[in-house]
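Per-entry structural report
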Amino acid sequence: MNKDMLLSLVDRVIKVDRGGPESRYGKLLAAEEDHFILLTEDDGIIYYNTHHVKSLTVNAKNEVKLNFDIPRGLDYVKAENFRGVVEKLRYRWVKINRGGPETLEGVMDVVNDDFITIVSNEEIINLSMFHVRNISYGVKVEKANKGKGNESNKQTNAKKENE
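In this report, we go over the structure that sits alongside the text. Worth saying up front: this structure is predicted, and the values here are computed from it rather than measured.

**A closer look at the overall build of the chain**
- Across its full length, the chain holds three helices and 10 strands.
- Partitioning the intrachain contacts of the chain with sequence separation of at least 6 by distance along the chain shows that 55% fall at a separation of at least 24.
- Here the chain has roughly 9900 Å² of accessible surface; of this, 45% comes from carbon and sulfur atoms.

**With respect to a nonpolar patch on the surface**
- A surface patch of nonpolar side chains, amounting to about 370 Å² of accessible area, comprises Trp-93, Val-107, Val-119 and Ile-124.
- In this structure, Trp-93 sits in strand 6 (residues 93-96).

**Some remarks on the environment of Glu-102**
- As for its position among the elements, Glu-102 is in the loop between strand 6 and strand 7 (104-111).
- Assessed through its relative accessible area of 47%, Glu-102 is described here as partly exposed.
- Separated by 29 residues in sequence, Glu-102 and His-131 place their C-alpha atoms 9.6 Å apart.

**A closer look at the packing of aromatic side chains**
- Counted under the stated rule, the structure contains two aromatic pairs.
- Seen in terms of ring centroids, Tyr-47 and Tyr-137 are 6.4 Å apart; in terms of plane orientation they differ by 15 degrees. Their pairing is stacked. Placement of Tyr-47 in strand 4 (residues 44-49) and of Tyr-137 in strand 10 (residues 134-137) is noted, with a sequence separation of 90 residues between them. Across the pair, exposure class does not vary: Tyr-47 and Tyr-137 are buried alike.

**Details of the side chain of Asn-134**
- Position of Asn-134 relative to the elements: it lies in strand 10.
- Of the residues examined, Asn-134 reaches a relative accessible area of 0% and is grouped as buried.
- A polar contact is formed between the side chain of Asn-134 and the backbone nitrogen of Arg-98, at a distance of 3.1 Å.
- If sequence neighbours within four positions are ignored, Asn-134 has contacts with Glu-22, Ile-46, Tyr-47, Tyr-48, Lys-95, Ile-96, Asn-97 and Arg-98.

**Topic: the pattern of salt bridges**
- Within this structure, the stated rule accounts for seven salt bridges.
- Asp-43 serves as the salt-bridge partner of Arg-98, at 3.2 Å between the closest nitrogen and oxygen. Here Asp-43 lies in the loop between strand 3 (35-40) and strand 4 and Arg-98 lies in the loop between strand 6 and strand 7, a separation of 55 residues in the sequence.
- What makes Arg-98 buried here is its relative accessible area of 9%.
- Asp-43 sits in the buried class, given a relative accessible area of 13%.

Reading guide: rules and limits
- Residues numbered from 1 in each chain as written.
- Predicted model: local features only at pLDDT ≥ 70, side-chain atom pairs only at ≥ 80, totals over all residues.
- Heavy atoms only, no water.
- Helix = DSSP H or I, 4+ residues; strand = E, 2+ residues; numbered from the N terminus.
- Contact = heavy atoms within 4.5 Å.
- Areas by Shrake-Rupley, 256 points an atom, 1.4 Å probe, with all protein chains shown as cover.
- Patch = residues over 30% accessible without salt bridge, like charges linked within 9 Å, V, L, I, M, F, W, Y side chains within 5 Å.
- Salt bridge = Lys/Arg side-chain N within 4 Å of Asp/Glu carboxyl O.
- Buried < 20%, exposed > 50% of the residue type's maximum accessible area, 1.4 Å probe, protein only.
- Phe/Tyr/Trp six-rings, centres within 6.5 Å; stacked < 30°, edge-to-face > 60°.
- Polar contact = N/O pair within 3.5 Å; in protein donor to acceptor, adjacent residues only side chain to side chain.

Following this line, the structure appears as structure tokens:
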């Protein structure tokens, strides 16, 4: 993906890939030479390695609206390259390659040019850096439809108190 093209889409809602387990809708927050940052409703902030992205879609006529509010001063990891992003996420709980059988979750330990190490339960997993398509960590935003969720929580809490 070309950085200039990506920069022209910053602050717009896009769809990454056409379908499949890696496909996501979200707001493009930033773009760099080899990665971009997408804010999604369900997964929070995802860092995509552009080498593995097949397509980006923008609905020019009816732009998709997100069902959440973006907090002012939203803070996220920034780096010049994807390797730098991965390095800054070291020792955090991360999710790598968000869809399909190659999804990994755990604490990232070792990061170098060839591989990263994820500690997950009782396993130590070494993953080739080349095969990291995307990565995210625990940052998520609250949905805009708070009233409905709060009402549901009140009902759940009331049930618990009555039991």
